[in-house]
Each structure stands twice: as structure tokens, then as C-alpha cells.
Amino acid sequence: MTSNIASNSEIKSDSSVITAKIELLQAKADDAIKKVRGNRRDNRRKASLVKLTATFCSATATILLGLKVPNLESQFKDIAFVLTALITLLSALEPFFNFRALWVEHEIALWKFHRLRDKIEFYLAGNKPEKMSIDEINGFHAEFQIIWDDLSQSWINYRKQEKS
């Protein structure tokens, strides 16, 4: 009889541990999705801004150099010179910050976090905590860590590149 009571309390203990781990993992996955989504959006904006600014400066410089307006040609050339210097600066800084590559890496990480969250939800659907495997839950956590590790390693690799 006592062994039966011990096994029941172990089951309750295991169930509460599994429930706590699942809740924590779901919260961490949701937080990761929010953070990565925000970083992806920021990198996309910055990459787009750099590209659009360089394109605008290039087009404007070309137009200014082609305009033939008496008494203003010298000023147009000066403005075009400044714009081409700005293009050079943007072209040099873009690979250093590498917003486009980071945007793509965050897109990939976001996809992986969504996939992990779906896997967790699918595993939970119809399963009672006492029927769940702690190894399976730990596997979800390991996958969560791998996604963060991959994203962090990508960022480190971009920072190490000679062109940056």
C-alpha cells in the first residue's frame, strides 16, 4: 500500500514538473518569437533605408550632373559630388552592419521558433501531463537552445567577416 502511495506522489510530482517545464518553454518560445520578429523588422527597415537612400542619391546625382541650367551648373556639380560621397559612405557601411543578412537570419530563426511552438502545441494536444515524456519536453528545450545558438553564431560570423 505504501509503495502505491509513493508511486502516486511521484506521478503527481512528475506531472507538475512536466507542466511547469511546458509552461516555461511555451512562454520562452512566445518571447523569442516577439524578440526575433522585432529584430527582423528593424533589420529589414535599416536594410531598406540604406538601399533606398543610396539609390535616391545616385539617381539625384545623375540628374544634377545632366542638367544644363545657366549659372547653376557649378552648384549642381557640388551637390552631385556630395551625393556621390554619401553613396560611397553608405556602400562602405552596408557590409559592416549587414542589415540584409541579419534580416534573413532573423527570418529563418522566426520560422524555426514558429515550427517549434507548433510542435509543442501538437504534442500537448490530447495528451495529459502524466502521459507526457520528460525526455520529449527536454528535447523541445534543446531544440529551442539550438535555434538561439544558430542565430547567435550567424551574428558572430557576420561580425568576424573581413569585409565587415
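The structure contained in this document is the topic of the report that follows.

A separate point is unusual backbone geometry. Positive phi outside glycine occurs at Asn-71, with the angle close to 70 degrees. We note that Asn-98 has phi near 50 degrees; this positive angle belongs to a residue other than glycine.

Bringing the packing of aromatic side chains into the picture now. Enumeration over the complete set of coordinates arrives at five aromatic pairs. Seen in terms of ring centroids, Phe-113 and Phe-144 are 5.5 Å apart; in terms of plane orientation they differ by 50 degrees. Their pairing is tilted. Taken as a pair, Phe-113 in helix α3 (residues 99-124) and Phe-144 in helix α4 (residues 134-160) lie far apart in primary sequence, 31 residues in all. Owing to a relative accessible area of 0%, Phe-113 belongs among the buried residues under this scheme. An aromatic cluster is present here, built from Phe-96, Phe-97 and Phe-99 joined pairwise through their rings. The aromatic ring of Trp-111 is capped on one face by Arg-115, whose charged end is 5.0 Å from the ring centroid.

Now for the nonpolar core. Counting residues in hydrophobic clusters, the biggest one holds 19 residues, and the most contacted among them are Phe-113 and Phe-140. Of all the secondary structure elements, the ones that give two or more residues to this core are α1 (2-66), α3 and α4. With seven residues, the single largest contributor to this core is α3. If we ignore the near neighbours within four places in the chain, the residues touching Phe-140 are Leu-25, Leu-116, Lys-119, Ile-120 and Tyr-123.

Residues Lys-34, Arg-37, Arg-41, Arg-44 and Arg-45 make up a contiguous surface patch of positive charge. On the secondary structure map, Arg-37 appears in helix α1. Since its relative accessible area comes to 34%, Arg-37 is described here as partly exposed.

Turning next to the environment of Ala-109. Within the secondary structure layout, Ala-109 lies in helix α3. On the accessibility criterion, Ala-109 (4% relative accessible area) is buried. Along the sequence, Ala-109 and Ser-15 sit 94 residues apart, while their C-alpha atoms lie 30 Å from each other. Not counting residues within four places of it along the chain, the set of residues in contact with Ala-109 comprises Val-36, Ile-147 and Leu-151.

About the thresholds
Residues numbered from 1 in each chain as written. Predicted model: local features only at pLDDT ≥ 70, side-chain atom pairs only at ≥ 80, totals over all residues. Heavy atoms only, no water. Phe/Tyr/Trp six-rings, centres within 6.5 Å; stacked < 30°, edge-to-face > 60°. Helix = DSSP H or I, 4+ residues; strand = E, 2+ residues; numbered from the N terminus. Buried < 20%, exposed > 50% of the residue type's maximum accessible area, 1.4 Å probe, protein only. Lys NZ or Arg CZ within 6 Å of the ring centre and 35° of its normal. Core = buried A, V, L, I, M, F, W, Y, C linked by side-chain atoms within 4.5 Å. Contact = heavy atoms within 4.5 Å. Patch = residues over 30% accessible without salt bridge, like charges linked within 9 Å, V, L, I, M, F, W, Y side chains within 5 Å. Areas by Shrake-Rupley, 256 points an atom, 1.4 Å probe, with all protein chains shown as cover. Salt bridge = Lys/Arg side-chain N within 4 Å of Asp/Glu carboxyl O. Lys, Arg positive; Asp, Glu negative; His and termini not counted. Charge placed at Lys NZ, Arg CZ, Asp CG, Glu CD.

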